[in-house]
Amino acid sequence: MSNQINQRQTSGVKQSGETVSEPEFSWKTNKIKIENGYLVSEGLINIVRIPVRHIETVTYTIEGVKEAFTPELNIFGKGVLLGKLKVSIDLKDEIQDWILERVGR
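What counts and how
- Residues numbered from 1 in each chain as written.
- Predicted model: local features only at pLDDT ≥ 70, side-chain atom pairs only at ≥ 80, totals over all residues.
- Heavy atoms only, no water.
- Pairing = 2+ DSSP bridges.
- Helix = DSSP H or I, 4+ residues; strand = E, 2+ residues; numbered from the N terminus.

Visitor: Help me understand the sheet that holds strand E5 (residues 49-51) in this model?
Guide: The strand order across the open sheet built from five strands is E1-E2-E3-E4-E5, with neighbouring strands paired in antiparallel fashion. The two strands at the open ends of the sheet, each matched to only one other strand, are strand E1 (19-20) and E5. As defined by bridge partners, strand E4 (residues 38-42) adjoins E5 across three bridges and the pair is classed as antiparallel. Across the sheet, residue Val 40 finds its bridge partner in E5, namely Arg 49.

The following block contains the structure:
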């Protein structure tokens, strides 16, 4: 899995439209970045600002109660849910890996 992450980092822009770099993961009009010690999101997804030093792990859930399945990344620190990020279903694993790698997990 680590090889896949390293290949994505060096490739920059992928065919599906996302851009992956050390401080930022973006797709369509959405962006998740590490900025001044915070995990910050912006765009059409929900907006969060979470101190990176508090993040311990990231999980995801998918609820299928609506017409479309919308995964949410759950960001935890010390057993407490710090925030949620709605993400594209096809990018949920890549974004989860990207965040965990940035916070040193």
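Visitor: I keep staring at the pairing of E4 and nothing clicks. Help me out?
Guide: In summary, the side chains of a regular strand alternate between the two faces of the sheet. Relative to E4, strand E3 (residues 30-35) runs antiparallel, the two being bridged by five bridges. Paired with Glu 35 across the bridge in E4 is Tyr 38. Counting the residues between successive antiparallel strands, the hairpin from E3 to E4 contains two residues, one of them, Asn 36, with a positive phi of roughly 55°. Between E4 and E5, which follow one another and run antiparallel, lie six residues, and Gly 43 among them has a positive phi close to 120°.

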